[in-house]
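Chain and residue survey
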Amino acid sequence: MKRTRIASLLASEKPIEDVCLMGWIRTRRDAKGFSFIELNDGSCLKNIQVIAAGELPEYERVLACGTGSALRVTGNLAVSPAKGQRWEVHAKSIAVLGQAPETYPLQKKRHTDEFLRTIAHLRPRTNKYGAMFRIRSEVALAIHRFFRDRGFRYVNTPIITGSDCEGAGEMFRVATQKAQGQVDGIQPEFFGQEAYLTVSGQLSAEMLALALGDVYTFGPTFRAENSNTRRHAAEFWMLEPEMAFADLSDNMELGESLITYLVRHVLDDCSEDIGLFAQYVEKELMKQLERIVSAPFARITYTEAIDLLQRSGRSFDYAPSWGIDLQTEHERFLTETHFGGPVIVTGYPRGIKPFYMRVNDDGNTVAAMDILVPGIGEIVGGSQREERLDVLEGRMRELGMNMDAYWWYLDSRRFGSVPHCGFGMGFERVLMMLTGVGNIRDVIPFPRTPGSIAF
Ligand code: 4AD
Ligand code: MG
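So, about the overall build of the chain. Scanning the chain from terminus to terminus reveals 13 helices and 16 strands. By residue count, 51% of the 455 residues in the chain fall in the buried class. If you take every contact in the chain between residues at least 6 apart in sequence, the share linking residues at least 24 apart comes to 66%. Across the chain, 52 positive and 58 negative side-chain charges occur, with their mean positions spaced 7 Å apart.

On to helix α13 (residues 427–435), then. With respect to burial, α13 is a largely interior element, nine of its nine residues being buried. All of the buried residues in α13 are Phe427, Glu428, Arg429, Val430, Leu431, Met432, Met433, Leu434 and Thr435. Positive backbone phi, approximately 80°, marks glycine 436, located one or two places after α13.

What follows concerns the sheet that holds strand β7 (residues 160–161). On the basis of which strands lie adjacent, the open sheet formed by three strands has the order β7-β9-β8 and antiparallel pairing. Lying at the two open borders of the sheet, with one neighbouring strand each, are β7 and β8 (173–174). Relative to strand β9 (residues 195–197), β8 runs antiparallel, the two sharing two bridges. Of the residues in β9, the one forming a bridge with arginine 173 is tyrosine 196.

With that settled, the discussion passes to the pairing of strand β4 (residues 70–79). The buried fraction of β4 amounts to seven of the 10 residues, a majority that puts the element mostly inside the structure. Here strand β1 (residues 16–31) pairs with β4 via seven bridges, running antiparallel. Counted as the bridge partner of cysteine 20 is threonine 74 from β4. Inspection of the sheet shows β4 paired to strand β5 (residues 87–98) by 10 bridges, in the antiparallel sense. Following the sheet pairing, leucine 77 is matched in β5 by valine 89.

Now for the packing of aromatic side chains. Each aromatic ring pair is summarised here by two numbers: the centre-to-centre distance and the angle between the ring planes. Applying the stated criterion across every chain yields a total of 18 aromatic pairs. Here the aromatic rings of tyrosine 129 and phenylalanine 133 are separated by 6.2 Å at their centres, their planes lie at 45°, and the arrangement is tilted. Highlighted residues: tyrosine 129 and phenylalanine 133, both in helix α4 (residues 127–149), separated by four residues, approximately one helical turn. Ring centres 5.7 Å apart and planes at 80° place the aromatic pair tyrosine 302 and tryptophan 322 in the edge-to-face group. A residue pair is termed long-range when its members are at least 10 positions apart, and tyrosine 302 in helix α9 (residues 302–310) and tryptophan 322 in the loop between α9 and α10 (328–338) qualify at 20 residues. With a relative accessible area of 42%, tryptophan 322 lands in the partly exposed category. Here lysine 353 stacks its cationic end above the ring of tyrosine 348, 4.3 Å away from the centre of that ring.

Criteria and thresholds
- Residues numbered from 1 in each chain as written.
- Chains lettered and ligands numbered in written order.
- Predicted model: local features only at pLDDT ≥ 70, side-chain atom pairs only at ≥ 80, totals over all residues.
- Heavy atoms only, no water.
- Helix = DSSP H or I, 4+ residues; strand = E, 2+ residues; numbered from the N terminus.
- Buried < 20%, exposed > 50% of the residue type's maximum accessible area, 1.4 Å probe, protein only.
- Contact = heavy atoms within 4.5 Å.
- Lys, Arg positive; Asp, Glu negative; His and termini not counted.
- Charge placed at Lys NZ, Arg CZ, Asp CG, Glu CD.
- Pairing = 2+ DSSP bridges.
- Phe/Tyr/Trp six-rings, centres within 6.5 Å; stacked < 30°, edge-to-face > 60°.
- Lys NZ or Arg CZ within 6 Å of the ring centre and 35° of its normal.

Okay, structure coming up:
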């Protein structure tokens, strides 16, 4: 079906005869002999006004169409005499594609985010969620452009895996639904061993970086963390670049450049949709985004951070002391209260970080780096990788890992091992930062969280 998107009609320089557009009614208002229809097709935030005259043969059917109904309209794009809009469409014919009765849940009024989560199948039709999912698409493409411009290759890493990259035991098991050829009452594993949904593509990405140089993987990851917080989802998208012949300072530079690039991108290219969030969701949004691009990120070591937290005079729920993982309250104090902007924390204790992080010369800390941002806390987690075979094996032994299962990973340290590093950036957390939306459930179309998998 040939149609013109409303976004391009609204951007037109001149009137156009005989356009065909399709969309859903946002509102309809009747005057004597006319009906004014606000039509939206999801191509942009704005609606276009369609004027249907009483003489149209389909007029009676149009009058029966309420909010949510779908129409096909042909007509002329004409300069609008009305205030606040440049264009309107004078309908020559209207076909009702799908009528929506009054039970349509998105009647014109403000709805709460909580209510909209219960109709996740319809919420993309609201201004706010339409804007969110357009921004999500734009940011994903911007990520690819950023890396392509820097010479990185896009690689795809497995979703079903046999290894626990983070060693946190937060994996979902993968099993077949139907028993397949049981032997002595025992169902064999489909893959010949236990399989899981991946928590991170890093270990595979490292193998590709150690061949192609600079790579990134960007895909869904899964964690069975039973934490019902506003920044954790059981299924989320992670971007994971990995660079060969690079160290922690290259890693920090990459993370900081990426974040500022994405902020600039939405400010420049998604201004209409971002404007909605600045107006209705987070009044400080523009200031926060400007702050991210206007100054270099603060840098601090974990040890300095603990010291700072202890001397802050704040009473935290979880007392800061050297050796504990930073809690959200600590991260937020650092980035919101103390620095008032993004901060990169390096040199975490080895005891709280996974096996693959490079051990620093002090023996107690690893070459880790987390990037924390206001409103969210950790948005990026990464490190330089342990490239020394003997040190890596020592760490794995210490953690009681099954070394045989990681033979292929260890091979990369046996054959031409080089310094390399990378990080993971939570895509949903980036979207929260870019829009000021406070709950991860509202930046992904169909969120998966403990106890919730409808849709
Ligand atoms: O810090 P994490 O656990 O790092 C890794 O998985 C590394 N293997 C990445 C790497 O070096 N290639 O996770 C990375 C990021 C976090 O900073 C956070 O933004 C996001 O992933 N993240 C989550 N986002 C939403 N829901 C969850 N449950 C998340 N867990 C982590
Ligand atoms: Mg982390």
